[in-house]
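One letter stands for each residue in the lines below.
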Amino acid sequence: MIIEAKNINKFYGACEALKNFSLSVPRGSSFALLGPNGAGKTTFVKALLDLTQISGGEIKINGISSLDSKSREGIGYLPEKFNFFDYYTVEGVLVFYGKMKGVGDLLSEQIKMALEKTGISDLRKRRVKTLSKGQMQRLGIASILMGDNDLLILDEPFTGLDPIGIKELKDVLRGLQNAGKTLFINSHILTEVEQMCDEMAIVNKGQLVVQGKITELVGESSLEDYFYQKIKS
Amino acid sequence: MNLNKIYVIFENTMAKEWRNKFLLFLFALTVALILLVNVTMDWIGQVPGISLDSTMANKKLYIFYFIINTWNIFLSIIMGVNCVKSDLNEGVFGQILSFPVTRFEYLLSRILGSTAIVFCYYLISILLALSVFAFSSEGRVFIDPGFFAALLPNLILIFTSVSLTVLISLFLTKIAAFITTFILVLLISSSNANFTGLGFDYLFSDLTFFKIIGLMLYFFLPRLGTINSMATDIIVGKTLNISIWWEFLHLGLTIGVVYVCLLLALRKRET
């Protein structure tokens, strides 16, 4: 397992965002964490990256506690709203990400590859403040392609992308799947998830509802119907 | 310690902060002040009966140092207010911490980056002041070796001021943090001026409300005023009437407390 979370509890004041939440993500899988708005998906992602303090439980990434910064080596993270200092150029952002990922001599090549894969080569010299929402999201995706990441955590990656952007993102993600990377996708756009992922977990009101292989769980039904039924029940 | 990542964030801090428009404005103001002091002192030197002898020239140089040192603290506060706060405001904080860096490494690189900018500003200002001074006093420049020895306390002063400001900025808006830190620095300097070098018998006698507040500032916060006086005394060549080792021990402990508070505050911060 690349991610193992056991009995995670997280309180925001009196509100319990995660209740005894446990989850296992197999290495090399494309894993979707599904749930309605406010279910606790983003809270879990933040807990994974130690961006929020959990009230109880333990998370391990590659066998290392998430409280240890070494657990974040080999992780690419795309937040729900990717942002960077607006005076940076697109290339400057990727240089920063590349350096933080310890990319040495291959930096220029990796930047070129990331720009090409995300279709923003022509924006290379543009400043971040001049980018549209969709272009910004593509830059975020390009940034997680920097370095040699084994685990890619994507928080609502399809949000803000037009149909062309969604298609291109899916192609990029499929390329990563074929390269044996683990994808952890946090989303509520079920159609994209159904096409992309093999494993899933549904979270509602901070609690794990179900986890397993999508084909086994959904069966003859559609993911949309299955999800609706699980949440309403 | 991951030195490579610390350096990358340090570099990013430099790239981020040199665009600070207020910094450029302050630099222009410093240049204007240096030129103004120069013209004023030259004018005084031309008054019949007063000649620009070495005493006068030294005074002029010390006024330059005074202005530059004062701006130094002012600039440290400006840098400190923006240093981590802008990452939180722009949503970049979480993205940086998603890399394998600890909060301490992140803080240290941001604060060192801001310190480096203010220190560069300090060196440029000093060089500018010396150039103006050398030009107007026909090459008679009186640089005491103490000037070089004062660089270290000045560097420590900048680092401490930036660290303290970053801590305050985590709880307040930028403007409120700036005003609060500025007032706090004034109070610390005042308490340091009143209590430095005095024995415990005097310190703990005749305790009034204000004296207790002053003593708390004196004992529990870094002694910015004492470090500043130390730097000036070294430049002027005065004998230091404080125990340097005791002051450095106190500084180390109080800076340690500031960093513990900073880490706790950042730990509790939701990104």
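Here, the structure is the one placed above.
Residues numbered from 1 in each chain as written. Chains lettered and ligands numbered in written order. Predicted model: local features only at pLDDT ≥ 70, side-chain atom pairs only at ≥ 80, totals over all residues. Heavy atoms only, no water.

Peer 1: Describe the overall build of chain B, naming the residues involved and giving the relevant values.
Peer 2: Within chain B, the secondary structure is distributed over 13 helices and 0 strands. Going from N to C terminus, chain B has its helices and strands arranged as α-α-α-α-α-α-α-α-α-α-α-α-α. When each of the 271 residues of chain B is scored for burial, the buried share is 52%. Taking as baseline every contact in chain B between residues at least 6 positions apart, the subset at least 24 positions apart corresponds to 80%. (Helix = DSSP H or I, 4+ residues; strand = E, 2+ residues; numbered from the N terminus. Buried < 20%, exposed > 50% of the residue type's maximum accessible area, 1.4 Å probe, protein only. Contact = heavy atoms within 4.5 Å.)

Peer 1: Got a sec to walk through the pairing of strand E3 (residues 30-34) of chain A? Specific residues and values, please.
Peer 2: Residue and element names in this part refer to chain A. Judged by how many residues are buried, E3 sits mostly within the fold: 5 of 5 residues are covered. Covered by surrounding structure in E3 are Ser-30, Ala-32 and Leu-34 together with Phe-31 and Leu-33, the residues of both alternating faces. Of the pairings in the sheet, the one linking E3 to strand E8 (residues 182-187) comprises 5 bridges and is parallel in character. Among the inter-strand pairings, Ala-32 is bridged to a residue of E8, identified as Ile-185. (Pairing = 2+ DSSP bridges.)

Peer 1: Break down the interface of chain A and chain B for me, with residues and values.
Peer 2: Chain A puts 29 residues into the contact, and the matching count from chain B is 29 residues. Of all residues in chain A, Leu-51, Phe-85 and Met-100 of chain A bury the most surface against chain B, accounting for 28% of the area lost on that side. At the boundary of chain A and chain B, one finds 3 salt bridges. A salt bridge links Arg-103 of chain B to Asp-50 of chain A, with the nearest nitrogen and oxygen atoms 3.5 Å apart. The interface formed by chain A and chain B contains 11 residue pairs in polar contact (both at pLDDT 80 or more). The set of elements that each furnish at least two residues to the side of chain A that touches chain B consists of strand E1 (3-12) and helix H2 (90-100) of chain A. (Buried area = accessible area lost by both parts, 1.4 Å probe. Salt bridge = Lys/Arg side-chain N within 4 Å of Asp/Glu carboxyl O. Polar contact = N/O pair within 3.5 Å; in protein donor to acceptor, adjacent residues only side chain to side chain.)

Peer 1: Any details on the state of the cysteines? Residues and values, ideally.
Peer 2: Under the criterion given, the structure shown has 0 disulfides over all chains. With no disulfide partner, Cys-83 of chain B has as its closest neighbouring cysteine sulfur the one in Cys-120 of chain B, 15 Å distant. (Disulfide = S-S within 2.5 Å.)

Peer 1: Explain empty space enclosed by the protein to me, using residue names and the numbers behind them.
Peer 2: All names here are of chain B. Under the criterion given, the structure shown has 4 cavities of 30 Å³ or more. By volume, the largest cavity amounts to about 80 Å³. Forming the boundary of the largest cavity are Pro-153, Ile-156, Arg-223, Thr-226, Ile-227, Met-230, Glu-247, Phe-248, His-250 and Leu-251. Those elements giving two or more residues to the lining of the largest cavity turn out to be helix H8 (151-169), helix H12 (224-236) and helix H13 (244-268). When residues of the lining of the largest cavity are assigned to their parent elements, the largest contribution, 4 residues, is made by H13. Of the residues in the lining of the largest cavity, the class split is 6 nonpolar, 2 polar and 2 charged. (1 Å grid on protein atoms, 1.4 Å probe; cavity = no way out; pocket = protein on both sides within 12 Å on 5 of 7 lines; lining within 4 Å. Points joined across faces, edges and corners; volume = space filled by probe spheres on them. Nonpolar A, V, L, I, M, F, W, Y, C, P; charged D, E, K, R; others polar.)

Peer 1: Tell me about the packing of aromatic side chains, and please be specific about residues and values.
Peer 2: Residues and elements named next belong to chain A. On inspection of all chains with the given rule, the structure shows 26 aromatic pairs over all chains. Taking the centre distance of 6.2 Å and the plane angle of 55 degrees together, the rings of Phe-84 and Tyr-97 count as tilted. Taken together, the positions of Phe-84 in the loop between strand E6 (75-78) and H2 and Tyr-97 in helix H2 put the pair 13 residues apart, joining distant regions of the chain. Using a relative accessible area of 1% as the deciding quantity, one classes Phe-84 as buried. With a relative accessible area of 4%, Tyr-97 lands in the buried category. (Phe/Tyr/Trp six-rings, centres within 6.5 Å; stacked < 30°, edge-to-face > 60°.)

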